[in-house]
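# Summary of the model geometry
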Number of protein chains: 2
Amino acid sequence: MRLLLIEDERELADALSAALSKHGIVTDHTMHLADAFELTRQNTYDAILLDRRLPDGEGLSFIPMLRRSGADTPIIVLTARNEPLERVEGLDVGADDYLGKPFLVDELMARLRAVLRRPPSLTELQITVGRMVIDPLHLSVTVESAPLDLPRRELLVLAALAKRKDKTVLRSTLEAAVYNYEEEIQSNALDAHISRLRKRLTDAGAGVAVHNIRGVGYLLKEE
Amino acid sequence: MRLLLIEDERELADALSAALSKHGIVTDHTMHLADAFELTRQNTYDAILLDRRLPDGEGLSFIPMLRRSGADTPIIVLTARNEPLERVEGLDVGADDYLGKPFLVDELMARLRAVLRRPPSLTELQITVGRMVIDPLHLSVTVESAPLDLPRRELLVLAALAKRKDKTVLRSTLEAAVYNYEEEIQSNALDAHISRLRKRLTDAGAGVAVHNIRGVGYLLKEE
DNA sequence: CCGCGAAGATTGCGGCAGCATTACGAGGAC
DNA sequence: GTCCTCGTAATGCTGCCGCAATCTTCGCGG
């Protein structure tokens, strides 16, 4: 899962990114609305976390702009202004949820899950493939109800594949699911993850196969 | 718009119904979970307002029950228990939002609007031809829901044809779809791709045919 | 109806891009 | 310390794809 965080307090932003990465969430961060819009054009985010008070203007103004461009990415507004009437204001311009600072990361996670649960096709609560059950929201994997713990990056690869099981996932999509734009990649790191993931899956008897489509991407299916 | 209100405090329920009716919202009201489930079977609601503390049990238990029955009706949980951790709990079982009592009717309205705005269906960008479904965006092809993996160039040819199925696609258009300017072509490479693609499609029983229009181009149609 | 030329279809071959695998070492967690 | 993760790079291999040679089909004129 990949988020865009629009927030001008660097400390909060760093802390949030760190906390979210423990949940397997890749976060891109910017402090300016102008950059934010450009980023949404270049990437596909699962959700956007938006601060209201920003150096170059009121964060809420970003929402209609984004919606007008056709994007329906869920937006959660983060703010110190947490009066009921202000919440109304935020929700009415097109935000999907509103979270007053300070907040618990756990609550943010829960609201994220709630907001993302909407499109059922992309965010099935649990995905079953072969003898394996994958929960891409909580990032847990079980084989025959026995938990299987995977390294973080392999887990992200698996979750991205599972969300589109039986369909090809572009190589670039996988890269975006695992790395943010600051983490440059200049080797076959992704291939290595795939390889190690394959080994772990067969060792665990997961009953699935990670298939390669040369020049296109990968595909997860039962074997 | 029609809501189901599951709430045991009669006074609150009456007041809410009255307030909502001013917004043109029709409200069905019940105090018991058992009735609630039956009501959802008989009617279609745009959203459900659910109290947590109910005479016949914990309101939250209603959510997985409803979800399991296949309904994705938005649910807003109303409760006096408004601690962050409890909100997490509510959202995690499948609620779409969580509202602590007491609340302003205006805020409820705003949250209703937010929840209902979430898109019911993502734009289907899939093309069906014969027994085959093509997703030109994600470059994936399935035959009778079984994935069919094609080499990159053949995939590009197929996608270009599928986007204009039953219509002729100029040879030059196909070349543009498969090759960029740097990749000069000076042989019948495209013909070769067509040929190999045809073979793969018939082998897979895709139920489609690639016809040639001599001197003009090609055309994809069901066979 | 036949013959001819051009467009298309098919297939084998070889080069090489892309992928799989593995070892190694740096860095982090405990 | 020990164990695990993860980026890097070297190695070997697979099969895509451009090419070209050959065969087939199509359209047209006589």
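Quick caveat, the model's predicted, so the values are computed rather than measured.

What counts, and where the lines are drawn
- Residues numbered from 1 in each chain as written.
- Chains lettered and ligands numbered in written order.
- Predicted model: local features only at pLDDT ≥ 70, side-chain atom pairs only at ≥ 80, totals over all residues.
- Heavy atoms only, no water.
- Salt bridge = Lys/Arg side-chain N within 4 Å of Asp/Glu carboxyl O.
- Helix = DSSP H or I, 4+ residues; strand = E, 2+ residues; numbered from the N terminus.
- Buried < 20%, exposed > 50% of the residue type's maximum accessible area, 1.4 Å probe, protein only.
- Near = heavy atom within 4 Å.
- Polar contact = N/O pair within 3.5 Å; in protein donor to acceptor, adjacent residues only side chain to side chain.
- Nonpolar A, V, L, I, M, F, W, Y, C, P; charged D, E, K, R; others polar.
- Core = buried A, V, L, I, M, F, W, Y, C linked by side-chain atoms within 4.5 Å.
- Contact = heavy atoms within 4.5 Å.
- pLDDT = per-residue confidence, 0-100.
- Pairing = 2+ DSSP bridges.
- Axes fitted to C-alpha atoms, helices over the stretch in contact; angles between N-to-C directions.

### Side note on the pattern of salt bridges
Tallying each qualifying case throughout the model produces 18 salt bridges over all chains. Of the charged contacts, one joins B:Arg111 and A:Asp97 as a salt bridge, the two residues approaching to 3.3 Å between their closest N and O atoms. Here A:Asp97 lies in strand S7 (residues 97-100) and B:Arg111 lies in helix H5 (residues 105-117), a pairing that spans two chains. For B:Arg111, a relative accessible area of 3% puts it in the buried group. Take A:Asp97: its relative accessible area is 1%, and that puts it in the buried class. Residues joined in a network through salt bridges with shared partners are A:Asp97, A:Glu107, A:Arg111, B:Asp97, B:Glu107 and B:Arg111.

### Some words on the protein's contact with DNA strand D
Close to DNA strand D lie 25 residues, the nearest being A:Arg153, A:His193, A:Arg214, B:Arg153 and B:His193. Backbone sugar and phosphate groups make up 61% of those atoms of DNA strand D lying within 4 Å of the protein. A:Tyr179 has a polar side-chain atom sitting 3.0 Å from a phosphate oxygen of DNA strand D. Between DNA strand D and A:His193 there is a distance of 2.6 Å, counted from a phosphate oxygen to a side-chain nitrogen or oxygen. Looking at the surface near DNA strand D, the elements with two or more residues in it are helix H6 (152-163) and helix H8 (189-203) of chain A together with helix H6 (152-163) and helix H8 (189-203) of chain B. Here the element with the most residues in the surface near DNA strand D is H8(A); it accounts for five residues. Per-class residue counts for the surface near DNA strand D are seven nonpolar, eight polar and ten charged.

### Some details on the nonpolar core
All names here are of chain A. Grouped together as the largest cluster of nonpolar side chains are 33 residues, with contacts concentrated most on Met-132, Val-141, Leu-158, Leu-161, Leu-174, Leu-201 and Leu-220. Ranked by residues supplied to this core, first place goes to H6 with eight residues. In contact with Leu-201, not counting residues within four places along its chain, are Met-132, Leu-148, Leu-158, Ala-206, Val-208 and Val-210.

### A closer look at the confidence of the model for chain A
All names here are of chain A. Summary statistics for chain A give a mean pLDDT of 83 and a share of 91% for residues scoring 70 or more. When pLDDT is averaged over each helix and strand of chain A, the minimum, 69, is found for helix H4 (residues 84-92) and the maximum, 95, for H8. Note on residues 119-123: pLDDT under 50 across the span, and five contacts to partners over four residues away in sequence or across chains.

### Details of the protein's contact with DNA strand C
Near DNA strand C lie 21 residues; those nearest to it are A:Arg198, A:Tyr218, B:Asn188, B:Arg198 and B:Tyr218. Close to the protein, within 4 Å, the atoms of DNA strand C are drawn from sugar and phosphate at a rate of 59%. Between B:Ser195 and DNA strand C, the recorded distance is 3.3 Å, taken from a side-chain N or O atom to a phosphate oxygen. Here B:Arg214 contributes a side-chain N or O atom positioned 3.2 Å from a base nitrogen of DNA strand C.

### Topic: the pairing of strand S10 (residues 140-143) of chain B
All names here are of chain B. Side chains of S10 alternate between two faces, with Ser-140 and Thr-142 and Val-141 and Val-143 buried alike. As defined by bridge partners, strand S9 (residues 132-135) adjoins S10 across four bridges and the pair is classed as antiparallel. When the bridges of S10 are listed, Met-132 appears paired with Val-143. One ladder, built from three bridges, connects S10 with strand S11 (residues 146-148); its direction is antiparallel. For Val-143, the partnering residue across the bridge sits in S11 and is Ala-146.

### A short note on unusual backbone geometry
Phi at A:Ser145 takes a positive value of approximately 65°, unusual for a residue other than glycine. Here A:Ser145 lies in the loop between strand S10 (140-143) and strand S11 (146-147). Although it is not a glycine, B:Asp166 adopts a positive phi angle of roughly 70°. Looking at the element boundaries, B:Asp166 is found in the loop between H6 and strand S12 (168-170). The exposure class of B:Asp166 is partly exposed, given its relative accessible area of 49%.

### Notes on the sheet that holds strand S2 (residues 26-30) of chain B
Residues and elements named next belong to chain B. Here five strands make up an open sheet; going across it, the order is S2-S1-S3-S6-S7 and the pairing parallel. Edge positions in the sheet fall to S2 and strand S7 (97-100), since each of these pairs with one other strand and no more. Strand-to-strand twist of the sheet, defined as the mean angle between neighbouring strand axes without regard to direction, takes the value 20°. Across four bridges, the pairing between strand S1 (residues 2-6) and strand S3 (residues 47-51) is parallel. Counted as the bridge partner of Leu-3 is Ala-47 from S3. Against the sheet, helix H2 (residues 33-42) makes contact with S1, S2 and S3, and its axis sits at roughly 165° relative to S1, the strand it touches most.

### Focus: the environment of B:Leu39
Residue and element names in this part refer to chain B. Take Leu-39: it is sitting in helix H2. A relative accessible area of 21% means that Leu-39 is categorised as partly exposed. It is 8.3 Å that separates the C-alpha atoms of Leu-39 and Leu-4, two residues lying 35 residues apart in sequence. Aside from chain neighbours lying at most four places away, what touches Leu-39 is Leu-4, Thr-30 and Tyr-45.

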